[in-house]
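Descriptive structure summary
Listed below, chain by chain, are the residues.
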Amino acid sequence: MVLLLGFFSTNLAARDLRLATTTSTDNSGLLRAILPQFELQQGVRVQVISVGTGKALKLAENGDVDVVLVHDRQAEEAFVAAGHGVNRRDVMYNDFVVVGPGSDPAALRGGREVLDAFRQIAARQARFVSRGDDSGTERMERSYWQQLGIVTRGAPWYVSAGLGMGEVLTMAGEMQAYTLTDRATFASYKTRTGLAILVQGDPRMFNPYGIIAVNPKKYPEINFAGAMALIEWLSSPAGRSAIRSFRPNGEQLFFVTPAR
């Protein structure tokens, strides 16, 4: 009987699917809303590991997860080109926004140009909180400073938190500081932070998400069948409908990538 139970438990564990993903898909509540549909259909339990994009891809590179859902297209393509992942698929998109305190010391309110906003923040030395965690959000933020030729390291107004998006929004609210955030996570945290969207609508802040299975040739023991099932489900009418239907407080936070 003990042997039978052990065998049964091992088989159940083998059917679990390990998903490394960004904090935005978790903090926003999206995965809690849509994954139960997939789990019920497939008879599988999805273990969600919510970290920044860089850490998620590293977990996948090491074979510690089966599939990744992240938002850094350049890093995703490099991950696949290096042989770590296969069958990358576009899933959805939203956008980044610059948020800050109501007092708006850098006078950003109503702006649509993210580079202008960052230039003003630096010029006025207004407090800015960065993720500082090698996430897709921080990578995008770094690209803006680099385009402007502004060095933030050591700047007294710049705080590198090393935290997830929800924690950074909370910190920015407490410090009355600016930050760059994905719109979905901000929607979940805005009432508790007192921050407001000040800059939005810049095409530079487009934020696409992709899903990639870990390469089974590199790690034969991964749950590749489960990874592909999730990729196919998110690309199917059922998965796309689940994403579209996620509308906390009536606001659509993620938009499915047009089918090809």
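Each remark here, short or long, concerns the structure printed above.
To keep things clear, this report deals only with the structure shown in the data block.

Analysis parameters
Residues numbered from 1 in each chain as written. Predicted model: local features only at pLDDT ≥ 70, side-chain atom pairs only at ≥ 80, totals over all residues. Heavy atoms only, no water. Helix = DSSP H or I, 4+ residues; strand = E, 2+ residues; numbered from the N terminus. Rg over C-alpha atoms; globule rule 2.2 N^0.38 Å. Buried < 20%, exposed > 50% of the residue type's maximum accessible area, 1.4 Å probe, protein only. Contact = heavy atoms within 4.5 Å. Areas by Shrake-Rupley, 256 points an atom, 1.4 Å probe, with all protein chains shown as cover. Axes fitted to C-alpha atoms, helices over the stretch in contact; angles between N-to-C directions. Parallel < 35°, antiparallel > 145°, perpendicular 65-115°, else oblique. Core = buried A, V, L, I, M, F, W, Y, C linked by side-chain atoms within 4.5 Å.

Section: the overall build of the protein chain
Summing up its helical and strand segments, the protein chain has eleven helices and ten strands in all. A compact globule built from 260 residues should have a C-alpha radius of gyration of about 18 Å, and the protein chain, at 20 Å, falls within 12% of that. In the protein chain, which comprises 260 residues, the share counted as buried stands at 51%. The long-range fraction of contacts in the protein chain, counting pairs at least 24 apart against all pairs at least 6 apart in sequence, stands at 74%. Of the roughly 12000 Å² of accessible surface on the protein chain, a fraction of 53% belongs to carbon and sulfur atoms.

Here we look at the environment of Arg244
Inspection of the secondary structure puts Arg244 in helix H11 (residues 237–245). Judged by relative accessible area, which is 37%, Arg244 ranks as partly exposed. Taking the C-alpha atoms as reference points, Arg244 and Phe254, separated by ten residues in sequence, lie 6.9 Å from one another.

Regarding the packing of helix H10 (residues 224–235) against H11
For the pair H10 and H11, the least separation of the axes is 4 Å and the interaxial angle reads 65 degrees. Here H10 is positioned roughly perpendicular relative to H11, judged by the angle of their axes. Between H10 and H11, the residues in contact are Trp233, Leu234 and Ser235 and Pro237, Ala238, Gly239, Arg240, Ala242 and Ile243, respectively.

A look at the nonpolar core
If you look at the biggest cluster of nonpolar residues, it comprises 31 residues, and the most contacted ones within it are Leu230 and Phe254. Elements represented by at least two residues in this core include exactly strand S1 (17–21), helix H3 (30–42), strand S3 (67–70), strand S4 (85–100), helix H9 (183–193), strand S9 (206–214), H10 and H11. No other element matches H10, which puts seven residues into this core. The contact partners of Phe254, leaving out residues within four places of it in the chain, are Ser24, Ser28, Leu30, Met92, Tyr93, Asn94, Ala184, Tyr209, Ile243 and Phe246. The next biggest cluster of nonpolar side chains, apart from the first, holds 23 residues, and it includes Ile121, Trp157, Tyr158 and Leu198.

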